[in-house]
Amino acid sequence: MLLHFISDLIRDPELQRQFSKDPDGTMLKANLSEAQREALNRGQLESVMKLLKTELASLELFAVVWVKAVVQVNSATPDMGSSGNTVQLRVEGDFFTTGAFAAVKLSGVDLPAVTQSVENPGGRGSVLHCTLNLPSNAPLGVYDVAVVNPDGHYGLLPQAFTIA
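Small disclaimer: the values here were computed from a predicted structure and weren't measured.

Participant: Looking at this structure, I do not really get the pattern of salt bridges. What am I missing?
Facilitator: Close approach of charged atoms allows side chains of opposite charge to pair. On inspection of all chains with the given rule, the structure shows 6 salt bridges. A salt bridge links Arg-42 to Glu-38; its shortest N-O distance comes to 3.6 Å. One end of the pair is Arg-42 and the other is Glu-38, both in helix H4 (residues 34–42) and 4 residues apart, which spans about a single turn. Close ionic contact of Lys-105 with Asp-110 constitutes a salt bridge, the shortest N to O distance being 3.0 Å.

This is how it looks when you write it as structure tokens:
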């Protein structure tokens, strides 16, 4: 993979020495294609960039990992509340952005929470603080906890909150 080869070449002095002594052999050993080897040998930055773009576009996870982070819900505390009460809910996860909100969901019933704050917005280790009002007529049961970012991306933690 060209991306890995270039990354390793930048960081690894031993690989740099090998490449200086035998560029073709080093690239063959890294399983680079003929087009990749030719672009690197000729110093054709535009060709190298085009090859990198093609390589990255072919990776299924590229869109998920590099283009848009995946919203992940890891925990919700407390994990239980009673109908007719209000709960101060703390939801921990990754990539919650400013303006995100939480909701508890059970077979067609969505109970949205009011966001108070988001710690570490847009990064790993995000924390959403919110107020969840549980109506007196809320169905009893085990709910999923969802966090929805303003752009519509969301994460879901199944069976994470119980209304008893």
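Participant: Help me understand the sheet that holds strand E5 (residues 109–112), please; the structure alone is not making it clear to me.
Facilitator: Strands in a sheet are paired, the pairing made by backbone hydrogen bonds, and the direction either parallel or antiparallel. An order of E2-E9-E8-E4-E5 is seen for the 5 strands of this open sheet, with the pairing classed as mixed. Across the chains shown, the open sheet's two edge strands, defined by having one partner strand only, are strand E2 (80–81) and E5.

Participant: How should the sheet that holds strand E3 (residues 86–94) be read in this particular structure?
Facilitator: With antiparallel pairing, 4 strands are arranged side by side in an open sheet as E1-E3-E7-E6. Strand pairing shows two members of the sheet lacking a second neighbour, strand E1 (72–77) and strand E6 (114–119), which therefore form its edges. Ignoring which end each strand starts from, the neighbouring axes of this sheet average 20° apart. One ladder, built from 9 bridges, connects E3 with strand E7 (residues 124–133); its direction is antiparallel. Within the sheet, the bridge partner assigned to Asp-94 lies in E7 and is Arg-124.

Participant: Where do I start with the pairing of strand E4 (residues 101–106) in this structure?
Facilitator: Taken residue by residue, a regular strand's side chains alternate between the two faces of the sheet. In the sheet, E4 pairs with strand E8 (residues 141–148) via 5 bridges, with the strands oriented antiparallel. Of the residues in E8, the one forming a bridge with Ala-102 is Val-147. Summarising the sheet, E4 and E5 pair through 4 bridges and their orientation is antiparallel. Bridging from a neighbouring strand, Val-104 pairs with Leu-111 of E5. Adjacent in sequence and paired antiparallel, E4 and E5 are bridged by 2 residues, among which Ser-107 carries a positive phi angle near 25°.

Scoring rules and cut-offs
Residues numbered from 1 in each chain as written. Predicted model: local features only at pLDDT ≥ 70, side-chain atom pairs only at ≥ 80, totals over all residues. Heavy atoms only, no water. Salt bridge = Lys/Arg side-chain N within 4 Å of Asp/Glu carboxyl O. Helix = DSSP H or I, 4+ residues; strand = E, 2+ residues; numbered from the N terminus. Pairing = 2+ DSSP bridges. Axes fitted to C-alpha atoms, helices over the stretch in contact; angles between N-to-C directions.

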